[in-house]
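Next come the chains, spelled out residue by residue.
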Amino acid sequence: MKNITALLIVLSGFAFSVQAQEPLSSYGTWKDSASHYIIQLKGGALLVRLHSRAEAISKLRGVGSEQQATLIENIQREENKQIVEAFRSNFSFCKVYFFFADSTDVLLSGKHSGFLLNDSLQVDHGLSMKDNFFMIAEKGNPHLRVKNDPTQPNQQQAERSYLNETIVLLDDHLKPLKAPFPFYAQEPFPTSLGTSNWKEKVRILNARLHSFYKKSL
């Protein structure tokens, strides 16, 4: 009987230790979790999800609209290049990788290589994310929602407005974050609603992450 009692105590202790290793969001306040996440992100990586609009472009070409397909392709490529350059020149908080939204399912399946992009927006099979902790960043809207767009697989559903031009941070399961974690950034005074200053957005995001990290130590 004593042996059985001892075994139950050991098993109970083991169960408690396993439970204690789960994310703080399940047991502490969100403020505790936010501080935990920012510290983890500092030693981890940010994966920037870029849109390719590949499905929409393919459909246009399928119906003979080559000129329109090429126009959309060029506009999207230029925007993606601007986002990559913005992170390369204005982001220092943690390591950064880039991938296309089309590869979201690959990332969520647990793979960390074979879909990451180099700065020329080409898949580089030599790139591999070694970090256990990561978050996802993308162009999106942290507050407003719209109907699903079938031409944008795995899209961040957001209303088309100036706020849609923010950089939004999501967890590794694409779930939105919330304050006090600095989960989005946008430039305060855009020169034009028709353009987007990605370098300024990334600079602000970088500053907010550094600031919150210092407060969380």
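As the structure is a computational prediction, the values presented were derived from the model and not from experiment. (Residues numbered from 1 in each chain as written. Predicted model: local features only at pLDDT ≥ 70, side-chain atom pairs only at ≥ 80, totals over all residues. Heavy atoms only, no water.)

(A) A look at the sheet that holds strand S5 (residues 184–185). Pairing is mixed in the open sheet, where 5 strands are placed in the order S2-S1-S3-S4-S5. Each edge of the open sheet carries a strand with a single partner, namely strand S2 (95–100) and S5. Alignment of strand S4 (residues 166–170) against S5, held across 2 bridges, turns out to be antiparallel. Counted as the bridge partner of Ile167 is Ala185 from S5. (Pairing = 2+ DSSP bridges. Helix = DSSP H or I, 4+ residues; strand = E, 2+ residues; numbered from the N terminus.)

(B) Fine view of the packing of helix H4 (residues 66–90) against helix H6 (residues 198–216). Contact geometry for H4 and H6: axes closest at 8 Å, N-to-C directions at 40 degrees. By the angle between their axes, H4 is oblique relative to H6. Along this stretch, H4 crosses H6, giving a crossing that reads as right-handed. Contacts from Glu79, Gln82, Ile83, Glu85, Ala86, Phe87, Ser89 and Asn90 in H4 reach Trp198, Lys199, Val202, Arg203, Leu205 and Asn206 in H6. Per-class residue counts for the contact of H4 with H6 are 6 nonpolar, 4 polar and 4 charged. (Axes fitted to C-alpha atoms, helices over the stretch in contact; angles between N-to-C directions. Parallel < 35°, antiparallel > 145°, perpendicular 65-115°, else oblique. Left-handed = near helix turned anticlockwise from the far one by under 90°. Contact = heavy atoms within 4.5 Å. Nonpolar A, V, L, I, M, F, W, Y, C, P; charged D, E, K, R; others polar.)

(C) Fine view of the pairing of strand S1 (residues 45–50). Within S1, 6 of the 6 residues are buried, which leaves it mostly tucked inside the rest of the structure. Where burial is concerned, the two faces of S1 agree: the one with Ala45, Leu47 and Arg49 and the one with Leu46, Val48 and Leu50 are both buried. In terms of strand pairing, S1 meets S2 through 6 bridges, oriented parallel. For Leu47, the partnering residue across the bridge sits in S2 and is Tyr97. Relative to strand S3 (residues 134–140), S1 runs parallel, the two being bridged by 5 bridges. Residue pairing across strands places Leu47 opposite Ile136, the latter belonging to S3. (Buried < 20%, exposed > 50% of the residue type's maximum accessible area, 1.4 Å probe, protein only.)

(D) Main features of the side chain of Asp171. Checked against the element boundaries, Asp171 lands in the loop between S4 and S5. In this structure, Asp171 is buried with no salt-bridge partner, the nearest side chain bearing the opposite charge being Lys175 at 5.7 Å. A polar atom in the side chain of Asp171 sits 2.8 Å from the backbone nitrogen of His173. (Lys, Arg positive; Asp, Glu negative; His and termini not counted. Salt bridge = Lys/Arg side-chain N within 4 Å of Asp/Glu carboxyl O. Polar contact = N/O pair within 3.5 Å; in protein donor to acceptor, adjacent residues only side chain to side chain.)

(E) How the structure looks around the packing of aromatic side chains. All told, the structure shown has 7 aromatic pairs when counted by the stated rule. Arranged with centres 6.2 Å apart and planes meeting at 75 degrees, the rings of Phe87 and Phe98 form a pair that is edge-to-face. Of this pair, Phe87 sits in helix H4 while Phe98 sits in strand S2, and the two are 11 residues apart along the sequence. Taken together, the ring pairs in this structure connect Phe87, Phe91 and Phe98 into an aromatic cluster. Between the NZ or CZ atom of Lys42 and the centre of the ring of Phe93, over which it lies, the distance is 4.8 Å. Positioned over the ring face of Tyr213 is Lys42, at 5.7 Å from the centre of the ring. (Phe/Tyr/Trp six-rings, centres within 6.5 Å; stacked < 30°, edge-to-face > 60°. Lys NZ or Arg CZ within 6 Å of the ring centre and 35° of its normal.)

(F) A look at the confidence of the model for the protein. When pLDDT is averaged across the protein, the result is 81; 74% of the residues are at 70 or more. Confidence over residues 1–27 falls short of pLDDT 50; this stretch has 8 contacts with residues more than four positions distant or in other chains. Scored below 50 in pLDDT, residues 153–162 shows 42 contacts in the model against residues more than four places distant or in partner chains. (pLDDT = per-residue confidence, 0-100.)

(G) Local environment of the pattern of salt bridges. Summed over the entire model, instances satisfying the criterion amount to 10 salt bridges. In this structure, Asp131 engages Lys95 in a salt bridge whose closest nitrogen and oxygen atoms are separated by 2.6 Å. Here Asp131 is found in the loop between helix H5 (104–108) and S3, whereas its partner Lys95 is found in strand S2, with 36 residues between them in sequence. Among the residues examined, Asp131 registers a relative accessible area of 7% and is labelled buried. As a salt-bridge pair, Lys201 and Glu187 come within 2.4 Å of each other at their nearest N and O atoms. Taken together, the residues span a long stretch of sequence, with Lys201 in helix H6 and Glu187 in the loop between S5 and H6 at a distance of 14 residues. Of the residues examined, Lys201 reaches a relative accessible area of 0% and is grouped as buried. Under the relative-accessibility criterion, Glu187 is labelled buried at 4%. One connected set of salt bridges, linked through shared partners, spans Arg61, Glu66 and Glu73.

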